[in-house]
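Structural description and commentary
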Amino acid sequence: WQGDWNDGRVRSVLGAYWMDTEYTLEQRTTSLLFFGVPGAPGFSGIFSSEPQFIQETDTLAFFGQLDVDLSENWTVSVGGRFTDEEKEACAVTRLNFGAGPVGLTSYGSTGFSLCDTASGIYTADYVDPLSGATIPQDGKESWTSFTPRVGVTYNFEQGMVYASYSEGFRSGGFNGRSTAANNLGPYEPEEVETIELGFKTQWLDNRLQVNGTIFTTDYQDKQEDVVFPDPVAVTVTLVQNAASASIDGAELEVVAVPADGFTLSASVGLLDSEYDDYLIRDIAGNALDQRDFDLRRAPELTFSLNGLYERQLSNGNFLVFSANYMWRDDYWVIARTNNSQPGRPGFNSSFGLLDASISYETPSWRVSLFGKNLTDEDYFLHVLDVSANEVAASATDPTPVYVPGLWSFGTINAPRTWGLEVDFKF
């Protein structure tokens, strides 16, 4: 619902949101090293691990915002969102010896057929290895949160200046790649607070735009997915909560139109990110301090340069030339961002990418000759260090010590690529 009063000087938005979702994860992992060799005596197929996971989420939210024009130049905004979320999850660990999957154990919510208590493999609880206490595992959890936002804007002839404070919430959940009742979860919600100051301006009859912002973001219980060694399935992917983390940054963007049909743009971003506190337990139960780890996918410096030139031909169609260059500072794509790891798997050194294209455009179709990654750079998109781990140096020293995994593998970006693309509009 939207409304306005007092000749439009007061505006409001109210709304409600409801979502009920369910997803199933079915996996099959086949390995000659761990799950057998096909054709072996008495063996009818490749031994594989085939776990299943199912989760249902019920979300209800109410939100609203009020904007008040205090004068021709000043506007104040106040809003917020209340969220109530419930999750249920169930998982089953299965192995296939060639004659079909055989269930080893199931755990979680009995509201799903996978977690049938009469099956003889259902696990209703587990023993905490640290305290020795028996912990029930019913695969159910719920969370509520109210996240406010307050902002103020000053408008002037060439643009606007703004400031805002906002809070965010990401609900907790269950581990879809869990292997036993003790690692199903749940993990805790993630909460964030952000303060932002910025401006957006236009100059020279809108031929020049200059936008900028500075911000500071503080996380509590930041969610991080990490792969651990596992006695059941070699590795297990779990979400753990870093106690707190902070990101400070600044961004500047400039867009210029020096001549008709010719557009230049540039942007630069600075980030200073760190874990303020990240204390967990290693496999042996010892305290492990990971506060010196780097946040993933958070390069300290990024910048881009872009050029676009459009020329209209005598027949009314267009030739369009474009070139884009993007540069990123060093960053990680793996959770264990510990510089002591030999070879530093998942670490990308700084690199730049250049793309360009030439297009002929009509109202109904377009043909483009393009080149991507013309500098032919290689960088990791994703890396998994299989069964690697971090352990504390000792029971009294929480310094992380890297334990090498069985192997590492990852995905790299596409190499230098040329192509011809044809688009039709109808």
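Notes on the structure in this doc start here. (Residues numbered from 1 in each chain as written. Predicted model: local features only at pLDDT ≥ 70, side-chain atom pairs only at ≥ 80, totals over all residues. Heavy atoms only, no water.)

Below, the discussion takes up the overall build of the chain. A tally of regular secondary structure across the chain gives one helix and 29 strands. For the chain, the C-alpha atoms occupy an extent of roughly 75 × 55 × 50 Å along the three principal directions. Here the chain holds 426 residues, and 37% of them are scored as buried. A sequence separation of at least 24 residues applies to 61% of the contacts in the chain between residues at least 6 apart. With the model as given, the accessible surface of the chain reaches about 23600 Å², and the carbon-plus-sulfur share is 55%. (Helix = DSSP H or I, 4+ residues; strand = E, 2+ residues; numbered from the N terminus. Buried < 20%, exposed > 50% of the residue type's maximum accessible area, 1.4 Å probe, protein only. Contact = heavy atoms within 4.5 Å. Areas by Shrake-Rupley, 256 points an atom, 1.4 Å probe, with all protein chains shown as cover.)

Of the consecutive residues glycine 185 and proline 186, the connecting peptide bond is found in the cis state with omega at 10°. Unusually for a residue other than glycine, asparagine 206 sits at a positive phi of about 65°. Inspection of the secondary structure puts asparagine 206 in the loop between β13 (190-203) and β14 (208-230).

This part covers the packing of aromatic side chains. Applying the stated rule across the entire model yields 13 aromatic pairs. When the centroid spacing of 6.2 Å and the interplanar angle of 45° are considered together, the rings of phenylalanine 303 and tyrosine 325 count as tilted. Pair noted here: phenylalanine 303 is in strand β19 (residues 301-312) and tyrosine 325 is in strand β20 (residues 318-328), with a separation of 22 residues, a long-range link. The exposure class of tyrosine 325 is partly exposed, given its relative accessible area of 27%. Measuring from ring centre to ring centre gives 5.7 Å for tyrosine 360 and tryptophan 365, while their planes differ by 40°; the resulting arrangement is tilted. On the basis of relative accessibility, which here comes to 33%, the residue tryptophan 365 falls in the partly exposed class. One Lys or Arg, arginine 336, reaches over the ring of phenylalanine 228 and ends 5.1 Å from the middle of that ring. (Phe/Tyr/Trp six-rings, centres within 6.5 Å; stacked < 30°, edge-to-face > 60°. Lys NZ or Arg CZ within 6 Å of the ring centre and 35° of its normal.)

Attention now goes to the environment of aspartate 225. On the secondary structure map, aspartate 225 appears in strand β14. With 158 residues separating them along the chain, aspartate 225 and valine 383 place their C-alpha atoms 13 Å apart. The residues contacting aspartate 225, other than those within four sequence positions of it, are Thr237, Leu238, Val239, Arg296 and Ala335. Among the polar contacts listed, one links the side chain of aspartate 225 to the side chain of arginine 296, at a separation of 3.0 Å. (Polar contact = N/O pair within 3.5 Å; in protein donor to acceptor, adjacent residues only side chain to side chain.)

Glancing now at empty space enclosed by the protein. Per the stated rule, a full pass over the model turns up one cavity of 30 Å³ or more. Of the voids in this model, the largest cavity is the one considered here, and its volume is about 80 Å³. Lining the largest cavity we find 15 residues, and of these Val226, Gln240, Tyr278, Gln290 and Ala335 sit closest to its centre. Of all the elements in the fold, those that place two or more residues in the lining of the largest cavity are β14 and β26 (389-392). Among the elements that make up the lining of the largest cavity, the one with the highest residue count is β14 (three residues). For the lining of the largest cavity, a count of residues per class yields eight nonpolar, three polar and four charged. (1 Å grid on protein atoms, 1.4 Å probe; cavity = no way out; pocket = protein on both sides within 12 Å on 5 of 7 lines; lining within 4 Å. Points joined across faces, edges and corners; volume = space filled by probe spheres on them. Nonpolar A, V, L, I, M, F, W, Y, C, P; charged D, E, K, R; others polar.)

Another point: the layout of surface pockets. Of the volumes computed, that of the largest pocket is approximately 1100 Å³. Elements that contribute at least two residues to the lining of the largest pocket include exactly β14, β15 (234-259) and β17 (279-281). Considering each element in turn, the lining of the largest pocket owes the most residues, five residues, to β15. Empty space within the second largest pocket amounts to approximately 810 Å³. Along the wall of the second largest pocket there are 38 residues; nearest its centre are Arg177, Val227, Thr235, Thr237 and Leu384. Within the residue set of the lining of the second largest pocket, elements represented by two or more residues are β3 (29-30), α1 (32-35), β14, β15, β25 (380-386) and β28 (407-412). Broken down by class, the residue content of the lining of the second largest pocket amounts to 19 nonpolar, 13 polar and six charged.

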